[in-house]
Amino acid sequence: MSTDSEIISRSIAEPRLFAEIFERHAAAIGGYTRRRIGLDAVDDVLSETFLVAFRKRAAFITDAESARPWLLGIATRVIGRHRRAE
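Residues numbered from 1 in each chain as written. Predicted model: local features only at pLDDT ≥ 70, side-chain atom pairs only at ≥ 80, totals over all residues. Heavy atoms only, no water.

1. What about helix H2 (residues 19-37)?
Of all the bends in H2, the greatest, near 55°, is centred on His25. For H2, the full list of buried residues reads Ile21, His25, Ala26, Ile29, Gly30, Gly31, Tyr32 and Thr33. Close packing links the buried residues of H2 with helix H1 (4-11), helix H3 (42-55) and helix H4 (68-85). Gly38 sits one or two residues past H2 and shows a positive phi near 90°. (Bend = angle between axes of the 7 residues up to and from the residue. Helix = DSSP H or I, 4+ residues; strand = E, 2+ residues; numbered from the N terminus. Buried < 20%, exposed > 50% of the residue type's maximum accessible area, 1.4 Å probe, protein only. Contact = heavy atoms within 4.5 Å.)

2. A short note on the pattern of salt bridges
Applying the stated criterion to the full structure yields four salt bridges. A salt bridge links Arg24 to Glu20, with the shortest nitrogen-to-oxygen separation between them at 3.0 Å. Highlighted residues: Arg24 and Glu20, both in helix H2, separated by four residues, approximately one helical turn. Arg24 sits in the partly exposed class, given a relative accessible area of 25%. For Arg81, the salt bridge is made with Glu48, and the minimal N-O distance between the two is 3.0 Å. (Salt bridge = Lys/Arg side-chain N within 4 Å of Asp/Glu carboxyl O.)

3. What to know about a positive patch on the surface
Where like charges cluster on the molecular surface, the positive patch consists of Arg34, Arg35, Arg36 and Arg83. Top element by residues in the positive patch is H2. It accounts for three residues. By the element assignment, Arg83 lies in helix H4. Judged by its relative accessible area of 44%, Arg83 falls in the partly exposed class. (Patch = residues over 30% accessible without salt bridge, like charges linked within 9 Å, V, L, I, M, F, W, Y side chains within 5 Å. Areas by Shrake-Rupley, 256 points an atom, 1.4 Å probe, with all protein chains shown as cover. Lys, Arg positive; Asp, Glu negative; His and termini not counted. Charge placed at Lys NZ, Arg CZ, Asp CG, Glu CD.)

4. Here's the deal with the packing of H2 against H4
The geometry of H2 relative to H4 is characterised by a closest axis approach of 10 Å and an angle of 40° between their N-to-C directions. One element, H2, and the other, H4, form an angle in the oblique class. Judged by the twist between their axes, the crossing of H2 over H4 is right-handed. Where H2 abuts H4, its residues Ile21, Arg24, His25, Ala28, Ile29, Tyr32, Thr33, Arg36 and Ile37 lie against Arg68, Leu71, Leu72, Ala75, Thr76, Ile79, His82 and Arg83. Grouping the constituent residues of the contact of H2 with H4 by class yields nine nonpolar, four polar and four charged. (Axes fitted to C-alpha atoms, helices over the stretch in contact; angles between N-to-C directions. Parallel < 35°, antiparallel > 145°, perpendicular 65-115°, else oblique. Left-handed = near helix turned anticlockwise from the far one by under 90°. Nonpolar A, V, L, I, M, F, W, Y, C, P; charged D, E, K, R; others polar.)

5. Section: the packing of H1 against H2
Each pair of packed helices can be described by the angle between their axes along with the distance between the axes. Running from N to C, H1 and H2 cross one another at 145°; their axes reach a closest spacing of 9 Å. Of the residues in H2, those touching H1 at Asp4, Ile7 and Ile8 are Glu20, Ile21, Arg24 and His25. Broken down by class, the residue content of the contact of H1 with H2 amounts to three nonpolar, one polar and three charged.

Structure representation (structure tokens):
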């Protein structure tokens, strides 16, 4: 099994591989989002979180095996923007 770091690194050349990161972490990031802003906005925040992560995957620090802390940080910023827009 590949680590998140390996998958993200390989996804630079093969973008479709990033789908594995979504599969691994969507439930956890969705749960985190739901607890902070409720069920109504989960899909929007989850989608935006992974879109930002995909776009910034080249900046991922490959020393980390798991992408979850990185994704939670992105989700936190997306949630903040969502709250300010309300």
